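A look at the structure
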Amino acid sequence: MPNLYPTLEDMNVDHMQQAQNSLAPQVAAPAPAAIQYPPPYGAANPTYGTAPAYGAAPSAGASLYPSLDDYMGLDLALVRQTTPQNQQVAPYAGSGQTMVAPVSGNDVGIKRAEIKNGIRELVCCKDGNGKIGLRVRAVNKGLFVAFVHKNSPASMVGLRFGDQILQIDGKTVAGWDTEKAMEFLKKTSPEKITFAVRDRPFERTITMQKDSSGHIGFVFKSGKITHLVKDSSACRNGVLTDHQLIEVNGQNVVGLKDKEIGEIIDESPATVTITIMPTVLYEHIVKCMGSSLVKKLMDHSIPDF
């Protein structure tokens, strides 16, 4: 089975390392015996000359491939300093698959952002005011999390923007409209509410590597990706315009100002994972929800993994 990689940079660096490793024994192998030539006829004190054998191996210091210290704009010498040696090729246990990550290493942001397959069950309650801290939105006959109040019961049990709710207290919600769902939530028990949830089906994650100047290569306005920088990590790894930034390294950024999102990216390590959603879907989910509510009260905590 072919390897999986978090980024295109991981794949290409791994291929180059494998190529170098496969040729290393050839470099280290002893050269064949040199060819000896007889001295000229009648020479006094004759000495036998030698010539290098045909196909002799180059010296061990010779470079068979370009240096990996500056590759695709990445300062890999710095990567090696900040990534333990035993993590140069590191497994990621996600959805039963393993990813090889010579550049990314065991990056925490990848794990926090991972969109898991399958369905999980969450048990929640209401706070002292009888609130869950949750708003939902009906999309295509499904019910999706549109807002999670910070420090609320919904936030504490791990509900995330874009999660699809399949059942509430054993009731299948397919086909419910937003109003019916919100009314049902108001009537649920304050002590225990059980959700069956599918993890963010409209979203996808993309992992990138900062270049030597600290950039990953896309421009955004109001959280919407508008432009890509040519030959950047964002271009190489499949970032698309007209998509909304939902998370950075697993941290929800919906409702944050562009400057605040930029600061989170700037403070991130060399490996950056973003979670995105088509803008048309995002706008439908947050439609009719006050922008001040999202900006001031949306949960932006960093999730556990």
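What comes next is a walk through the structure.

Analysis parameters
- Residues numbered from 1 in each chain as written.
- Predicted model: local features only at pLDDT ≥ 70, side-chain atom pairs only at ≥ 80, totals over all residues.
- Heavy atoms only, no water.
- Salt bridge = Lys/Arg side-chain N within 4 Å of Asp/Glu carboxyl O.
- Helix = DSSP H or I, 4+ residues; strand = E, 2+ residues; numbered from the N terminus.
- Buried < 20%, exposed > 50% of the residue type's maximum accessible area, 1.4 Å probe, protein only.
- Pairing = 2+ DSSP bridges.
- Core = buried A, V, L, I, M, F, W, Y, C linked by side-chain atoms within 4.5 Å.
- Contact = heavy atoms within 4.5 Å.

Tallying each qualifying case throughout the model produces eight salt bridges. For Arg 236, the salt bridge is made with Glu 9, and the minimal N-O distance between the two is 2.9 Å. Residue Arg 236 is located in helix H6 (residues 233-236), and its partner Glu 9 is located in helix H1 (residues 8-28); the two are separated by 227 residues in the primary sequence. Notably, a salt bridge pairs Lys 224 with Asp 242, separated by 3.5 Å at the nearest N-O pair.

Right, let's talk about the pairing of strand E16 (residues 271-278) for a bit. Remember that side chains alternate between the two faces of the sheet whenever the strand is regular. Burial of E16 is extensive: seven of the eight residues sit out of reach of the surface. Taken together, the six bridges between strand E11 (residues 204-209) and E16 define a ladder with antiparallel strand orientation. Opposite Thr 205, over in E16, you have Thr 275 as the bridge partner. When strand E14 (residues 243-248) meets E16, the two strands line up antiparallel, connected through five bridges. Bridge pairing links Val 248 to Ile 274 in E16.

The next thing to look at is the nonpolar core. Core analysis: the largest hydrophobic core is formed by 19 residues, its most contacted members being Ile 132, Leu 134, Leu 159, Ile 165, Ile 168 and Phe 195. Elements represented by at least two residues in this core include exactly strand E5 (119-124), strand E6 (134-139), strand E7 (142-148), strand E8 (164-168), helix H5 (178-187) and strand E10 (193-198). Dropping the residues within four chain positions of it, Ile 168 is found in contact with Val 173, Phe 184, Leu 185, Thr 188, Ile 193, Thr 194 and Phe 195. Counting 18 residues, the second largest nonpolar core, distinct from the first, contains Phe 220, Ile 264, Val 272 and Ile 274.

Geometric values such as these leave the question of function open.
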